[in-house]
Amino acid sequence: MSKRVMVVDDSRLVRVQLGDVLKGTDYEITAYCRSGEDAIAQYDEIKPDLVTMDIIMTGMDGLDASEIILKQHPEARIVMVSSLAYDDTYERAKAIGVKGFVDKPFHKEQLLKIFEQALG
């Protein structure tokens, strides 16, 4: 049975790239959200196995959205997918309870490895 992934990113290009990378894997994208607010609103309905979360988006950023989702759903598995790779960003993501961090641009092997670790 495939694992359901919610992709949260305001970039159409990244959503397409993630879709291409996950084709033929055990992961199926079941929802796309363009903002943190949208992800929070849809999480209950979608109940994804894994969430990929961008950091910089219009409206609420991915760190704030992740914090809210994890407060409401401590079992949530969130992986940050971002080009914003600063030490303080990693530290905050870790403190919130995010399960992994993938730098953009990402590669299939790297992405799948982090997904496995997040779900393990």
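Calculation notes
Residues numbered from 1 in each chain as written. Predicted model: local features only at pLDDT ≥ 70, side-chain atom pairs only at ≥ 80, totals over all residues. Heavy atoms only, no water. Core = buried A, V, L, I, M, F, W, Y, C linked by side-chain atoms within 4.5 Å. Buried < 20%, exposed > 50% of the residue type's maximum accessible area, 1.4 Å probe, protein only. Helix = DSSP H or I, 4+ residues; strand = E, 2+ residues; numbered from the N terminus. Contact = heavy atoms within 4.5 Å. Pairing = 2+ DSSP bridges. Axes fitted to C-alpha atoms, helices over the stretch in contact; angles between N-to-C directions.

### Examining the nonpolar core
- M6, V8, M53, I69, I78 and M80 are the most contacted members of the largest nonpolar core, which totals 23 residues.
- Contributing elements (two or more residues each) for this core: β1 (3-8), β2 (27-33), α2 (36-46), β3 (50-53), α3 (62-72), β4 (78-82) and α4 (87-96).
- Those residues in contact with M6 that lie beyond four places of it in its chain are A31, C33, A39, Q42, Y43, I46, P48, L50, V51 and T52.
- Listed in part, the 17 residues of the second largest apolar core include V14, I29, V79 and F106.

### Some thoughts on unusual backbone geometry
- The omega torsion of the bond from K104 to P105 falls at -5°, within 30 degrees of zero and hence cis.
- Considering the arrangement of structural elements, one finds P105 in the loop between β5 (100-103) and α5 (108-119).

### Section: the sheet that holds β3
- The 5 strands are arranged β2-β1-β3-β4-β5 in an open sheet whose pairing can be described as parallel. In this open sheet, the two strands that pair with only one neighbour each are β2 and β5. Neighbouring strand axes in the sheet, compared pairwise and without regard to direction, differ in orientation by 25° on average.
- Across the sheet, α2 touches β1, β2 and β3, and the angle it forms with β2 is around 130°.
- Its contacts with the sheet put α5 on β1, β2, β3, β4 and β5, and the angle it makes with β5 is roughly 170°.

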